[in-house]
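# Coordinate analysis (summary)
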Amino acid sequence: VRIYRFSDGVLEQLTDDHTEAWALVKEGKITPEKALIYPGNRVLTQLLGGKGKLAPDIQVHPLKVEAGDCFLLCSNGVSHHLLGRNLEACLNRHLNEQGCMSKDAAACISQMAFDSSEGNDHASVVVLQAFPQVSRWTEMIQELESEPVG
């Protein structure tokens, strides 16, 4: 699974693929475009349940989330067929004037991946959006502060 953050119209990849091809991208030896067609683009370098050299490198990074940020989680059936700029363009097309992501964004990405793979790969997509949280306590305090004293 690859995870992206979409914020202010810009897509940022948050996770790395654990494949031979992506290792070469991180080393600067090939581009993300070349990684899509590289022979080792599906050869895993880490996996859950793996032992020895294939054991997963689990990392936790704090992430500041702003209201309106969207997170795209997608399977390799998406990330192996579509570049970030294609995903970003699709998300931008499905963002309304109020900054809310349309429910059709995931369907758009899934269809693009299906078309790109000619139907030969699975494409799982989840789009999540962060909304501001106003607690009932905050609302009650605001109501009390706005009432005249007297």
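Up top is the structure.
Now for a look at the structure at hand. This is a predicted model, so every value here is computed, not measured.

The next point concerns the packing of aromatic side chains. Overall, the coordinates contain zero aromatic pairs when judged by the stated rule. A cation over an aromatic ring shows up here: R2 above the ring of W22, its NZ or CZ 4.9 Å from the ring centre.

The next point concerns helix 4 (residues 84-93). Along an α-helix, residues three or four positions apart point the same way, because every turn accommodates 3.6 residues. All of the buried residues along helix 4 are L87, C90 and L91. Across the axial projection of helix 4, the buried residues extend over an arc of 100°, all falling on one side. Exposed positions of helix 4 whose direction lies more than 90 degrees from the buried face are R85 and R93. In this fold, the buried residues of helix 4 make contact with strand 1 (2-7), strand 2 (10-13), strand 3 (70-74), helix 3 (76-79), helix 5 (104-116) and strand 4 (125-129).

With that settled, consider the sheet that holds strand 3. Reading across the sheet, the four strands line up as 2-1-3-4 and stay open at both edges, with antiparallel pairing between neighbours. A strand with exactly one partner marks an edge of an open sheet, and here the two such strands are strand 2 and strand 4. Shown here is a sheet whose adjacent strand axes are inclined to one another by a mean of 20°, direction ignored. Pairing between strand 3 and strand 4: five bridges, direction antiparallel. Its bridge partner lying in strand 4, C74 is registered against V125. Contacts from helix 4 reach strand 1, strand 2, strand 3 and strand 4 within the one sheet, and its direction differs from that of strand 2 by about 140°.

All right, on to the pattern of salt bridges then. The tally for this structure, following the rule as stated, stands at seven salt bridges. One salt bridge connects K26 with D16, and the closest N-O pair in it is separated by 3.2 Å. Highlighted residues: K26 in helix 1 (residues 20-26) and D16 in the loop between strand 2 and helix 1, separated in sequence by 10 residues. Here K26 falls in the exposed class, since its relative accessible area comes to 57%. Within the structure, one salt-bridge network assembled from shared partners comprises R5, E12 and D69.

Calculation notes
- Residues numbered from 1 in each chain as written.
- Predicted model: local features only at pLDDT ≥ 70, side-chain atom pairs only at ≥ 80, totals over all residues.
- Heavy atoms only, no water.
- Phe/Tyr/Trp six-rings, centres within 6.5 Å; stacked < 30°, edge-to-face > 60°.
- Lys NZ or Arg CZ within 6 Å of the ring centre and 35° of its normal.
- Buried < 20%, exposed > 50% of the residue type's maximum accessible area, 1.4 Å probe, protein only.
- Helix = DSSP H or I, 4+ residues; strand = E, 2+ residues; numbered from the N terminus.
- Arc of directions from axis to C-beta.
- Contact = heavy atoms within 4.5 Å.
- Pairing = 2+ DSSP bridges.
- Axes fitted to C-alpha atoms, helices over the stretch in contact; angles between N-to-C directions.
- Salt bridge = Lys/Arg side-chain N within 4 Å of Asp/Glu carboxyl O.

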